[in-house]
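# Commentary on secondary and tertiary structure
Single-letter residue listing:
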Amino acid sequence: MRLDLFLFLFLFPILSSPALSASDLILAKVDRRIDLTSQIVRITTTLKVENTGSDPVSEILLSFPENQANHLAYLTATLNEGKGKVKASAGVGLPVEVVHPKDVPPALTIYSVSLPSGVGKGDSLTLDVLAVFTHILEPFPEKITQADIQLLLFQESAHYLSPYAVKVQSLTVKLPDARIESYTKLENTKLQGSELKYGPYENLPPFSYLPIVIHFENNQPFAVAKELVREIEISHWGNVQVTEHYNLVHGGAQSKGEFSRLDYQARPYVRGASAFRRLVAKMPPRAHSVYYRDEIGNISTSSLWGDSKKTELEIEPRYPLFGGWKTAFTIGYGLPLQDFLFGLDGKRFLNISFGTPINDLVIDTLFVKVVLPEGSKEFSASVPFPVKQWQETKFSHLDVAGRPVVVLEKNNVVPEHNEHFQVYYKFNSLSMLREPLMLISGFFFLFVACIVYMRADLSISKSSASYLAKLQWEEVQATIQQIHGIISRCLTTHDKLEASLRDLSRTGDVQACKATRKSVDGSLKELYKELKLPVAFLHSSPQAAQILPKVEELVAKERDLQERLMAKHSTVVDCYEKKLGGREIENRIASHQQKITALRQEIDDLMDLIDEI
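About the cut-offs
Residues numbered from 1 in each chain as written. Predicted model: local features only at pLDDT ≥ 70, side-chain atom pairs only at ≥ 80, totals over all residues. Heavy atoms only, no water. Helix = DSSP H or I, 4+ residues; strand = E, 2+ residues; numbered from the N terminus. Rg over C-alpha atoms; globule rule 2.2 N^0.38 Å. Buried < 20%, exposed > 50% of the residue type's maximum accessible area, 1.4 Å probe, protein only. Contact = heavy atoms within 4.5 Å. Areas by Shrake-Rupley, 256 points an atom, 1.4 Å probe, with all protein chains shown as cover. 1 Å grid on protein atoms, 1.4 Å probe; cavity = no way out; pocket = protein on both sides within 12 Å on 5 of 7 lines; lining within 4 Å. Points joined across faces, edges and corners; volume = space filled by probe spheres on them. Axes fitted to C-alpha atoms, helices over the stretch in contact; angles between N-to-C directions. Parallel < 35°, antiparallel > 145°, perpendicular 65-115°, else oblique. Nonpolar A, V, L, I, M, F, W, Y, C, P; charged D, E, K, R; others polar. pLDDT = per-residue confidence, 0-100. Core = buried A, V, L, I, M, F, W, Y, C linked by side-chain atoms within 4.5 Å. Pairing = 2+ DSSP bridges.

## Details of the overall build of the protein chain
What the protein chain contains, in helices and strands, is nine helices and 30 strands. At 45 Å, the protein chain has a C-alpha radius of gyration far larger than the 25 Å of a compact globule built from 613 residues. Judged by the C-alpha coordinates and their principal axes, the protein chain covers about 140 × 65 × 45 Å. Burial analysis of the protein chain (613 residues in total) assigns 44% to the buried set. Counting contacts in the protein chain only where the partners sit at least 6 residues apart, residues at least 24 apart contribute 76% of the total. For the protein chain, the exposed surface amounts to about 31800 Å²; the carbon and sulfur share of it is 53%.

In structure tokens, the structure reads:
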């Protein structure tokens with residue numbers, strides 16, 4: 001038994017003090033139904049209230065112990081006639097607020113339900129109360145392996161804790177299935193399948209409290225969004241874009257030990273009974289351009305289907321989620337503007353749901369950001385429950401002053417909060433023309449600038465010194481390229497000499513080799529005649545003063561290379577005519593070959609240097 005349960009027993013004399021318990025109201029019948037089939041605990045209580053006093057009563061008090069009040073996410077009360085007949089005010093929640101009666105200890109939280117009309121002497125009414133709790137189920141054990149099932153503890157009172165006397169009360173607890181580890185056995189306790197019943201109990205005094213503990217199996221997904229940022233962007237061009245950023249964690253028993261994907265794939269309902277790998281998001285009808293991606297990229301294993309009433313997206317994370325495991329992903333979709341934006345009294349207002357479209361998801365912190373069109377003013381939000389609210393500014397394409405953003409924040413959000421809320425604002429329709437006119441003006445000025453540029457003479461004066469120097473340098477560059485080309489042709493001609501020696505070693509045709517040398521010699525002479533004119537130009541140009549020494553060095557080394565190649569060629573041919581052996585030939589040309597290799601490397605380096613210049 002937890003300490004807070006003992007605390008209530010200890011505080012019972014205080015709670016039974018006249019300041020709280022003295023009242024003309026009694027509860028003729030209390031019927032409680034607790035749903036434990038998911039991670040969200042829903043307690044539905046039907047109260048038949050009678051006024052035995054002489055004065056009318058306009059409020060009814062509801063009390064919750066501290067361990068429940070700290071996890072209370074949603075509380076609503078409605079009037080009901082019973083037998084399925086609902087009053088006009090039924091379905092519309094009555095005002096509920098926290099009150100602080102005198103001498104109430106901190107272990108108890110009191111809520112006041114305001115009635116539309118007082119309960120007169122001898123009158124009665126039936127009140128339906130729905131209380132939704134999160135994080136109230138405690139995993140026990142707290143850590144399990146992949147092969148274990150998930151067991152939870154739930155603590156409650158078999159007696160209805162109320163400041164009023166209770167004539168008759170009963171409690172029904174619905175469990176996920178019939179497998180229960182243990183439960184508190186009291187008088188009039190009955191287990192029927194997956195339902196555990198306590199009572200009926202009669203003639204209970206005010207603040208009667210009888211603790212019970214249920215230890216049961218629940219392998220349902222415990223999907224908890226530590227933070228959800230939901231951005232709703234309005235475009236008056238016909239679209240409402242919704243983008244939701246989820247930071248999700250499995251809130252059940254923590255996973256311990258190693259994870260085996262092989263065992264999970266083979267027997268997922270045995271080796272991973274408490275894990276989940278699918279979530280279903282029910283989006284509004286006519287949702288379009290739906291996408292789902294995580295931090296890495298797009299997920300292709302998800303599926304989407306819909307009809308005229310809804311659009312459902314089944315999403316699959318990249319890996320199954322066990323207790324304590326986390327994932328982050330984004331959902332985005334578009335909605336038709338005419339389905340959610342309306343006009344009223346000169347204002348426009350957005351009417352859209354507040355919470356997440358994912359089933360049975362608990363949200364620890366929810367941010368809803370409504371991005372209004374640029375130029376909107378006098379904006380405000382109307383939400384059917386308390387939220388924190390402030391304004392921001394967002395800049396997007398072609399924005400000048402930025403778009404106003406209405407930010408709503410709420411903690412401990414459950415599916416019951418998925419109600420419609422409204423954001424009102426004023427917007428001048430002429431403001432819609434701002435961005436198209438900006439685009440048209442931008443293109444217009446671009447074309448005008450192009451026309452001016454094409455027709456304007458922006459060149460430097462042809463008589464200026466800088467212009468003449470530029471022309472001279474361009475002539476020097478052209479001459480250097482010409483010399484580079486001639487030297488490259490000389491090197492190609494040298495390669496023919498080397499090729500003729502290879503043919504000589506293969507065929508032994510000395511005459512053909514001599515003919516090739518004669519042809520190469522003639523070609524080189526013609527190339528050197530071409531080289532004289534550009535070299536002479538460089539000597540006469542002041543702009544070539546820095547590059548000229550390198551060009552002269554290149555020409556000199558090329559001449560030296562030519563002489564070495566001719567000497568090598570003559571030596572080899574002579575050796576073949578004298579029919580000397582291959583080793584003797586190599587010995588005679590060794591000095592030539594060494595110098596030829598070095599010269600060729602130096603020429604290549606000079607050519608690269610001239611190319612860079």
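## Concerning empty space enclosed by the protein
Tallied over the entire structure, the rule returns one cavity of 30 Å³ or more. Reported here for the largest cavity is a volume of approximately 180 Å³. For the largest cavity, the lining is made up of 17 residues, of which Arg32, Ser63, Phe64, Gln68 and Tyr160 are closest to its centre. Among the secondary structure elements, those contributing two or more residues to the lining of the largest cavity are strand S2 (41–51), strand S3 (57–65), strand S7 (124–133) and strand S10 (151–157). Here the lining of the largest cavity takes four residues from S3, the largest share from any one element.

## Overview of the packing of helix H7 (residues 510–540) against helix H8 (residues 548–577)
Any two packed helices are characterised by the angle at which their axes cross and by the distance between the axes. H8 packs onto H7 with a crossing angle of 170° between their chain directions and a minimal axis gap of 12 Å. By the angle between their directions, the pair H7 and H8 is classed as roughly antiparallel. For the contact of H7 with H8, the residue count by class is 14 nonpolar, four polar and seven charged.

## Notes on the layout of surface pockets
Roughly 530 Å³ of internal volume is contained in the largest pocket. Around the largest pocket, the lining comprises 20 residues; the ones closest to its centre are Tyr74, Leu75, Phe385, Pro386 and His417. Among the elements that make up the lining of the largest pocket, the one with the highest residue count is strand S4 (residues 72–80) (five residues). Among the residues forming the lining of the largest pocket, the class breakdown is twelve nonpolar, five polar and three charged.

## Describing the side chain of His592
Here His592 shows up in helix H9 (residues 582–612). Setting aside its immediate chain neighbours within four residues, His592 contacts Arg564, Ala567, Lys568 and Thr571.

## With respect to the confidence of the model for the protein chain
Confidence in the prediction of the protein chain, expressed as mean pLDDT, is 85, and 92% of residues score 70 or more. When pLDDT is averaged over each element of the protein chain, strand S26 (residues 362–371) comes out on top at 96 and helix H1 (residues 3–15) at the bottom at 43. Confidence drops under a pLDDT of 50 for residues 84–91, and excluding neighbours within four residues, the segment shows eight contacts in the predicted structure.

## Details of the nonpolar core
With 55 residues, the main nonpolar core has Leu36, Val41, Leu47, Leu127, Leu137, Ile214 and Phe216 as its most contacted residues. With six residues, the top contributor of residues to this core is strand S6 (residues 108–119). Sequence-distant contacts of Ile214, defined by excluding residues within four places in its chain, comprise Leu152, Leu153, Phe154, Val173, Leu175, Ile180, Ser182, Tyr183 and Leu196. In terms of nonpolar packing, the next biggest core, distinct from the first, is built from 45 residues, Val240, Phe329, Ile358 and Phe385 among them.

## With respect to the pairing of strand S24 (residues 341–344)
With four bridges connecting them, S24 and strand S25 (residues 347–353) associate as antiparallel partners. Each bridged residue has a counterpart across the sheet, and for Leu344 the counterpart in S25 is Lys347. Remark: two residues form the turn of the hairpin made by S24 and S25, two consecutive strands paired antiparallel; Asp345 in that turn has positive phi of roughly 55°.

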